[in-house]
Amino acid sequence: GYKVADWIEDHCVIPDGERMGEAYALTHEMLVFLRDFYEVDANGAFKVRRGLLVRPQKWGKGPFSAAIICAEAYGPVLFDHWGPDGQPVGKPWASPHIQVTAVSEDQTANVWRALQPMIELGNLAADIPDTGLTRINLPGGGLIEPVTASARSRLGQRITFAVQDETHSWLKSNGGRVLADNQRRNLAGMKGRSIETTNAWDPAEQSVAQATWESDAPDILKDMTTPDTRWSIRNKVDRRKIFRKVYADSAAPPDGWVDLDRIDAEVVELLPRDAAQAERFFANRIVAAEDAFLSPLVWDECRHPDMVQPPDGTPIAIGFDGSLFDDTTGLVGC
């Protein structure tokens, strides 16, 4: 992971803004994620099969994903041998096939609009000269392409790496679950891997991001920063604590790019009409929509360490809050 990080900082550039074209610098959080994602065991095999990175809006997930894609396209991301210093030495894929994936074309642009200039404006342009809005051709017959949720047309592709962007919005209803399953099968056949980048999800929607987070598989890297549950997003002092925690280096002077005052103004406007949205996108908290039952975080805090299943016949209390819609309500003790 450290070798991959060095390669990224040597080859990638900032894709936009006032510092466009300058060397891309990884934050501490990004370095930790790369270290863990590319860690190998004593046999040189990767310890994780895929990764999940959960961070708030504008943390920098798009450019970070683009930098990892550049490394997977041309950098030393595969184990080759052990060096004389006992450290792993990497090598690139011979013919990488990389997909930037989302459920819509607009979402794939989150990463693609950072990826294309990251290549074109830096020294990678000499090695990867054939770039475009719909594909990037790589030396040796490799390819980078954007992909949306036309899942059935993607069966059987020999892909080596995929970025699955904003998987909190990948649902059964929009084809996201099928797309994720198809892509993971394709990766398995090539010993490839993937990374999900996402905001916090609504637990009522049963998204791909939620399924990954709740998976018991031991070889999934799960990286999510959450604020102290005692901090309220409705309290101004607490809000600043929340933002400093979840934005971390991306908002830290002098190189941080996130303006916390601007984030705060957006959240204050959101709170009266959709506090749950503010929690998910800016506080990185898993919170159900306003018309759902209480937050899973609040529910989990109610658990007593010695709690056991109550015997049959034990009196229990059930709370009821009338539905927002004209439908039927069922009461279940759980």
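Provided above is the structure to which this section pertains.
What counts and what doesn't
- Residues numbered from 1 in each chain as written.
- Predicted model: local features only at pLDDT ≥ 70, side-chain atom pairs only at ≥ 80, totals over all residues.
- Heavy atoms only, no water.
- Buried < 20%, exposed > 50% of the residue type's maximum accessible area, 1.4 Å probe, protein only.
- Helix = DSSP H or I, 4+ residues; strand = E, 2+ residues; numbered from the N terminus.
- Pairing = 2+ DSSP bridges.
- Salt bridge = Lys/Arg side-chain N within 4 Å of Asp/Glu carboxyl O.

A. Inspection of the pairing of strand β9 (residues 193-198) at higher detail. Most of β9 is tucked away, with 6 of its 6 residues classed as buried. Of the two faces of β9, the one lined by Arg193, Ile195 and Thr197 and the one lined by Ser194, Glu196 and Thr198 are each fully buried. Of the strand pairs in this sheet, strand β8 (residues 161-165) and β9 are connected by 5 bridges, and their pairing is parallel. Bridge pairing in β9 links glutamine 164 to glutamate 196.

B. Main features of the environment of aspartate 255. Mapped onto the secondary structure, aspartate 255 falls in the loop between α7 (236-247) and α8 (260-282). Accessibility expressed as a relative area gives 51% for aspartate 255, which makes it exposed. Along the backbone, aspartate 255 and valine 4 are 251 residues apart, and their C-alpha atoms lie at a distance of 22 Å.

C. Spotlight on the pattern of salt bridges. For the structure on display, the rule yields 15 salt bridges. Among the ionic pairs, glutamate 22 bridges to arginine 19, the shortest N-O distance being 3.0 Å. Glutamate 22 gets classed as partly exposed once you look at its relative accessible area, which sits at 37%. Residue arginine 262 pairs with glutamate 266 through a salt bridge whose shortest N-O separation is 2.9 Å. Highlighted residues: arginine 262 and glutamate 266, both in helix α8, separated by 4 residues, approximately one helical turn. Given the relative accessible area of 28%, glutamate 266 is considered partly exposed. In this structure, a network of salt bridges that share partners links the residues Glu29, Arg55 and Asp223.

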